[in-house]
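Chain by chain, the residues run as shown.
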Amino acid sequence: MVDARFFGDGLTYINPSELKGKLIAIEGTDGVGRSTHIELLQEWLEVQGYGVITTGWTRSNLMSKTIEMAKAGNIVDRWSLSLLYATDFADRLEHQVIPALRSGFVVLADRYIYTAFARDFVRSADRTWIRDVFGFAPIPDLVCYLRIDVETLALRVIETTGMNYWESGMDLRLGTDLYDSFKKYQSLLIEEFDKMAIEFSFNVVDARKSPEEIQNELKGHILPVLQNHKPVVGAGWTGA
Amino acid sequence: MTFSPFKSWDIVLADRYMYTAFARDVIRGVSAQWVRKLYAFAIKPDMAFYFKVPIEVAISRLLRGTRGQFKYYEAGMDMNLSPDLTQSFQIFQSRILMEYDKVVEEFGLLTMDATQDIETQQELMRTLVSDTLRGYKPKRGTYGRRTLFWRRFDVHKSE
């Protein structure tokens, strides 16, 4: 059964009408400031009385350590990598996102299925399989995409955390060193994100602007979504 | 990771395959279409056997065996079917057997009567496998039994 609130088919035991909360996804490549903005948004929403949870890519109890180990071994292939992400996502969906949406919470997702789509696509040139895999994902009420160009991104990453093996897509052998590979890999990701921005109507926010400007734009996109969504009384768990 | 021996022309014996997921996951509330799409990357086996036993036989074998009891998930205790382990196993595994029947039909698995004694089953399997392997040239590298065909290598953390 394909339900309009789900991306494809998957979990037949969830009744979409029970998901009273709002799901807001913040997408964008590495180093665009997603987590900083999510932290600020959470505070902004909580002050207004909303119950808010955030959920982050590869942060599930079940999978976060496993994914770290797999990436440390450097020999994860396309299927394994995508299935590790999907398992992590499924665990967070069942244990964080769905309970929170049932209780009327606002869920802020730091990356969402589109990250998996982009990463799988640049490794496989096939969009069908990965989209089928994430068929069980609820469609967000809002997707904001923090867009950056690869030149600015490269500078930012060098100035802060530095480039690592996976952020540079070294498994794809796109360049001889981390820097070349990073630029080629991130360009491919941005290109795919741009295509998805049109296909899935993302709200594109220019991540090169100042943090204040970005935050205001994000708030501007979120407000209409919450228009008819009253804060949970006492911001506590009301039970499903 | 089953790929490496497969690509080198070895024979791969798989104890359970994607069909297990097609039966189990669907019983746990996953869409039958979804789970088939999920495993779209799996190589279709040259032969697939389904060892069929009535639920009562499965229960008595597991209770008489060295284990002496059911595991939590094989009894489907996560599904709140019954507080009693044996009863839960019976309900859960009966549903799985029904789902397996559909899978066997859909994918043309070879059904083995697993109530027969081991020798009889082996005889039949060997005949069937030999038929499939006709014309296949055996290849060997070493004659030792390998336990490892790939090795994980560590990378130093940057911290």
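Whatever comes next refers back to the structure up there.
All figures in this text were calculated on a predicted structure; none of them were measured in a lab.

(A) Structural view of the overall build of chain B. From N to C terminus, chain B includes 6 helices and 2 strands. The 159 residues of chain B split such that 26% are buried. Here chain B has roughly 11700 Å² of accessible surface; of this, 55% comes from carbon and sulfur atoms.

(B) Main features of the overall build of chain A. A tally of regular secondary structure across chain A gives 8 helices and 5 strands. Here chain A holds 240 residues, and 52% of them are scored as buried. Long-range pairs, those at least 24 residues apart, make up 77% of the contacts in chain A between residues at least 6 apart in sequence. Looking at chain A as shown, the accessible area adds up to about 10800 Å², and 54% of this sits on carbon and sulfur atoms.

(C) Inspection of the environment of Ile53(A) at higher detail. Residues and elements named next belong to chain A. Topologically, Ile53 is positioned in strand β2 (residues 52-56). Judged by its relative accessible area of 17%, Ile53 falls in the buried class. As for Ile53 and Gln96, which are separated by 43 residues in sequence, their C-alpha atoms are 8.1 Å apart. In this view, Ile53 contacts Gln96, Val97, Ala100, Phe105, Val106, Val107 and Leu108; residues no more than four positions away in its chain are not counted.

(D) Quick look at helix α3 (residues 78-102) of chain A. All names here are of chain A. For α3, spanning 25 residues, the distance from its first C-alpha to its last is 34 Å, which sits close to the expected 36 Å at 1.5 Å a residue. At Leu93, α3 shows its largest kink, close to 50°. Where α3 ends, the next residue or the one after it, Gly104, has phi of about 80°, a positive value.

(E) Molecular detail of the environment of Phe136(A). Structurally, the position occupied by Phe136(A) is in the loop between α5 (128-133) and β4 (142-147). When residues no more than four places from it in sequence are discounted, the contact partners of Phe136(A) are Phe6(A), Asp9(A), Gly10(A), Leu11(A), Ala86(A), Phe89(A), Ala90(A), Leu93(A) and Trp34(B).

(F) Representation of the sheet that holds strand β3 (residues 106-110) of chain A within the structure. Residue and element names in this part refer to chain A. Overall, parallel pairing links the 5 strands, which are arranged β2-β3-β1-β4-β5 in an open sheet. Across the chains shown, the open sheet's two edge strands, defined by having one partner strand only, are β2 and β5 (203-206). Taken over all neighbouring pairs, the strand axes of this sheet differ in orientation by 20° on average, direction set aside. Note: strand β1 (residues 22-27) against β4, 4 bridges, orientation parallel.

(G) Layout of the packing of aromatic side chains. Applying the stated criterion across every chain, the model contains 31 aromatic pairs over all chains. A ring pair is formed by Phe136(A) and Trp34(B), whose centres lie 5.4 Å apart and whose planes are at 90°; its orientation type is edge-to-face. Of the two residues, Phe136(A) is situated in the loop between α5 and β4 and Trp34(B) in helix α3 (residues 32-38); the pairing between them involves two chains. Take Phe136(A) and Trp34(B): they sit in the same class, and that class is buried. Just above the ring of Trp79(A) sits the side chain of Arg78(A); from NZ or CZ to the centre is 3.9 Å. A cation sits over an aromatic face here: Arg127(A) above Phe121(A), 4.0 Å from the ring centre.

(H) Representation of the interface of chain B and chain A within the structure. Facing 15 residues of chain B, the contacting portion of chain A comprises 20 residues. Around 1600 Å² of area is buried between chain B and chain A when both sides are counted, 62% of it from carbon and sulfur atoms. Where chain B packs against chain A, one counts 1 salt bridge. The tally of links from chain B across to chain A stands at 5 residue pairs in polar contact (both at pLDDT 80 or more). Across the side of chain B that touches chain A, the residue classes tally to 9 nonpolar, 3 polar and 3 charged.

(I) Region of the structure containing the nonpolar core. All names here are of chain A. Phe89, Tyr112, Ile113, Tyr114, Phe134 and Phe202 are the most contacted members of the largest nonpolar core, which totals 68 residues. Ranked by the residues each element gives to this core, the list is headed by α3, at 10 residues. If we ignore the near neighbours within four places in the chain, the residues touching Phe202 are Tyr114, Val143, Tyr145, Phe193, Met196 and Ala197. Listed in part, the 27 residues of the second largest apolar core include Ile24, Tyr50, Leu108 and Ile214.

(J) Region of the structure containing helix α4 (residues 113-124) of chain A. Residue and element names in this part refer to chain A. The end-to-end C-alpha separation of α4 is 16 Å, in line with the 16 Å expected for 12 residues at 1.5 Å each. The element α4 is extensively covered by neighbouring structure, given that 11 of its 12 residues are classed as buried. Listed as buried for α4 are Ile113, Tyr114, Thr115, Ala116, Phe117, Ala118, Arg119, Asp120, Phe121, Val122 and Arg123. Against β1, α2 (64-73), α3, α5, β4 and α7 (178-199) lie the buried residues of α4.

Thresholds, definitions, all that
- Residues numbered from 1 in each chain as written.
- Chains lettered and ligands numbered in written order.
- Predicted model: local features only at pLDDT ≥ 70, side-chain atom pairs only at ≥ 80, totals over all residues.
- Heavy atoms only, no water.
- Helix = DSSP H or I, 4+ residues; strand = E, 2+ residues; numbered from the N terminus.
- Buried < 20%, exposed > 50% of the residue type's maximum accessible area, 1.4 Å probe, protein only.
- Areas by Shrake-Rupley, 256 points an atom, 1.4 Å probe, with all protein chains shown as cover.
- Contact = heavy atoms within 4.5 Å.
- Expected span 1.5 Å × (residues − 1).
- Bend = angle between axes of the 7 residues up to and from the residue.
- Pairing = 2+ DSSP bridges.
- Axes fitted to C-alpha atoms, helices over the stretch in contact; angles between N-to-C directions.
- Phe/Tyr/Trp six-rings, centres within 6.5 Å; stacked < 30°, edge-to-face > 60°.
- Lys NZ or Arg CZ within 6 Å of the ring centre and 35° of its normal.
- Buried area = accessible area lost by both parts, 1.4 Å probe.
- Salt bridge = Lys/Arg side-chain N within 4 Å of Asp/Glu carboxyl O.
- Polar contact = N/O pair within 3.5 Å; in protein donor to acceptor, adjacent residues only side chain to side chain.
- Nonpolar A, V, L, I, M, F, W, Y, C, P; charged D, E, K, R; others polar.
- Core = buried A, V, L, I, M, F, W, Y, C linked by side-chain atoms within 4.5 Å.

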